[in-house]
Amino acid sequence: ADGPRRIKERHLSMSLRQDGVALRGVFWRAAERASEMAAARDGLDVAYSIERNTFNGYTSLEVSLSDVRASGAEPR
């Protein structure tokens, strides 16, 4: 839905949306894949887990990505 944006030089942050629901996602140690992800305009297939993030006393759910590929792409 939005991004990816680099955070702390090594990670990517983005907003992911499916079926009208949006969650913040973080792809750890994947900054080198930012252009690949930005080019996937038809969407991404995402391997992830849902994690609880607590920051400044506020708790939210976020998607922790373990891998991505362009929708419809062959497995790597």
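Just above, that's the structure.
Throughout what follows, the structure given in this document is the object of discussion. Once a new chain begins, its residue numbering starts again from 1 and follows that chain's sequence as written. Since the coordinates come from a predicted model, pLDDT governs what is reported: local features require at least 70, and pairs of side-chain atoms require 80 or more to be given and counted, while whole-chain, interface and lining totals use all residues. Values shown for side chains rest on all heavy atoms present in the structure; no hydrogens or waters enter the calculation.

A closer look at the pattern of salt bridges
Salt bridges, as used here, are contacts in which a Lys or Arg side-chain nitrogen is within 4 Å of a carboxyl oxygen on Asp or Glu. Taken as a whole and assessed by the stated rule, the structure comprises 4 salt bridges. In this structure, R24 engages E62 in a salt bridge whose closest nitrogen and oxygen atoms are separated by 2.6 Å. Of the two residues, R24 is situated in strand β3 (residues 21-27) and E62 in strand β5 (residues 58-70); the sequence distance between them amounts to 38 residues. Residues E36 and R33 are paired through a salt bridge, measuring 3.0 Å at the closest nitrogen-oxygen approach. Three or more residues joined by partner-sharing salt bridges are found here, namely R33, E36 and D67. Put simply, DSSP marks the helices as runs of H or I at least four residues long and the strands as runs of E at least two long, and each gets a number from the N terminus on.

Some points on a nonpolar patch on the surface
Residues Y48, I50 and L61 make up a contiguous nonpolar surface patch of roughly 310 Å² in combined accessible area. In this structure, Y48 sits in strand β4 (residues 44-55). The residues that make up patches have over 30% relative accessible area and no salt bridge, and they are joined within 9 Å when like-charged or within 5 Å when they are Val, Leu, Ile, Met, Phe, Trp or Tyr. Here the accessible surface of atoms and residues is derived via Shrake-Rupley with a 1.4 Å probe, and residues count as covered only by protein chains that are part of the display.

A closer look at the side chain of E62
Judged by relative accessible area, E62 falls into the buried class, the value being 7%. Two N or O atoms form a polar contact when they lie within 3.5 Å of each other; inside protein one atom must be a possible hydrogen donor and the other a possible acceptor, and for residues adjacent in sequence the pair counts only when both atoms belong to side chains. A polar contact of 2.6 Å, which involves the side chain of E62, links it to the side chain of R24. When neighbours within four sequence positions are excluded, E62 is seen to be in contact with R24, V26, W28, S49, I50, E51 and N53. Exposed residues in this analysis have more than 50% of their type's maximum accessible area, buried residues have under 20%, and partly exposed residues fall in between, with area computed by a 1.4 Å probe over protein chains only. We call two residues contacting when some pair of their heavy atoms lies within 4.5 Å.

Concerning the sheet that holds β3
What the 5 strands build is an open sheet, ordered β1-β2-β3-β5-β4; its pairing is mixed. Since the sheet does not close on itself, it has two edges, and those belong to β1 (2-7) and β4, each with one partner. Going from strand to strand, the sheet's axes swing by 35° on average, the running direction of each strand aside. Two strands qualify as a pair provided DSSP detects at least 2 bridges between them. With 7 bridges joining them, strand β2 (residues 11-18) and β3 adopt antiparallel strand pairing. Bridge pairing in β3 links Q18 to V21. Angles here are taken between N-to-C directions and fall from 0 to 180 degrees, while the axes themselves are lines fitted to C-alpha atoms, restricted in helices to the stretch in contact.

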